[in-house]
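Take a look at the letters that make up each chain.
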Amino acid sequence: MDEGITRIVKISARLRRVCTLLMFALPVAVALVWAFMEHLPLVNAGLAAPVDATTPRLARFLAFTASLLPTGVAIYALSRLRRLFGLYARGVIFGPDNVACFRQLGWSLFAWAGASFLFDALAGAILSFHWKPGTRLLVLNLDGQDLLMIFMGLVVLTVAWVMDQGRRLAEEQELFV
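The rules behind these values
Residues numbered from 1 in each chain as written. Predicted model: local features only at pLDDT ≥ 70, side-chain atom pairs only at ≥ 80, totals over all residues. Heavy atoms only, no water. Helix = DSSP H or I, 4+ residues; strand = E, 2+ residues; numbered from the N terminus. Contact = heavy atoms within 4.5 Å. Salt bridge = Lys/Arg side-chain N within 4 Å of Asp/Glu carboxyl O. Buried < 20%, exposed > 50% of the residue type's maximum accessible area, 1.4 Å probe, protein only.

So, on to the side chain of Ser128. Within the element layout of this structure, Ser128 appears in helix H4 (residues 96-128). Look past the residues within four positions of Ser128 in its chain and what remains in contact with it is Ala49, Arg136 and Leu137.

The following block contains the structure:
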């Protein structure tokens, strides 16, 4: 096996394990963040309605549940990366399954932006529901991070398309010779 491919195989096997670890660690980390939100001022400041001692437990739990939308999309994206690195670890570099992983990863970035938008709306409503009428929030937020995810999704889908075209040309050349 070529030295470059050998390095790709080794590094990909490690990255596959990292993706597996992150897939399990991410929901635990999100749960811990919600459990200790009032002690995390930077995270809490990112919410439309702050979580403090007056926030009902049910509201906190429902907001945590809503946060599982973008978390679930992130876990799906990690599963696609895990699959891709698994292919690389087996020495499969430009197969149709690789292209499918890239395509699914691209779509998951779009979904991440949508899930983030939906989470902001749900979290604002849930966390301010116990406030007095007239002070409750409905948050519709499309921020720079969401736009970046949409752009990255476009980039990854384009890479998948280019890889697929290159793969097809290589297969045609093999058949022609």
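And the narrative resumes.
Further remarks concern the environment of Arg168. One can find Arg168 in helix H5 (residues 144-176). Taking C-alpha positions, Arg168 is 38 Å from Leu118, a pair spaced 50 residues apart along the chain.

What follows is about the pattern of salt bridges. Applying the stated criterion across every chain yields a total of 6 salt bridges. Among the ionic pairs, Arg60 bridges to Glu38, the shortest N-O distance being 2.8 Å. Of the two residues, Arg60 sits in helix H3 (residues 57-89) while Glu38 sits in the loop between helix H1 (3-35) and helix H2 (41-45), which places them 22 residues apart along the sequence. On the basis of relative accessibility, which here comes to 16%, the residue Arg60 falls in the buried class. For Glu38, a relative accessible area of 34% corresponds to the partly exposed category. Close ionic contact of Glu171 with Arg167 constitutes a salt bridge, the shortest N to O distance being 2.8 Å.

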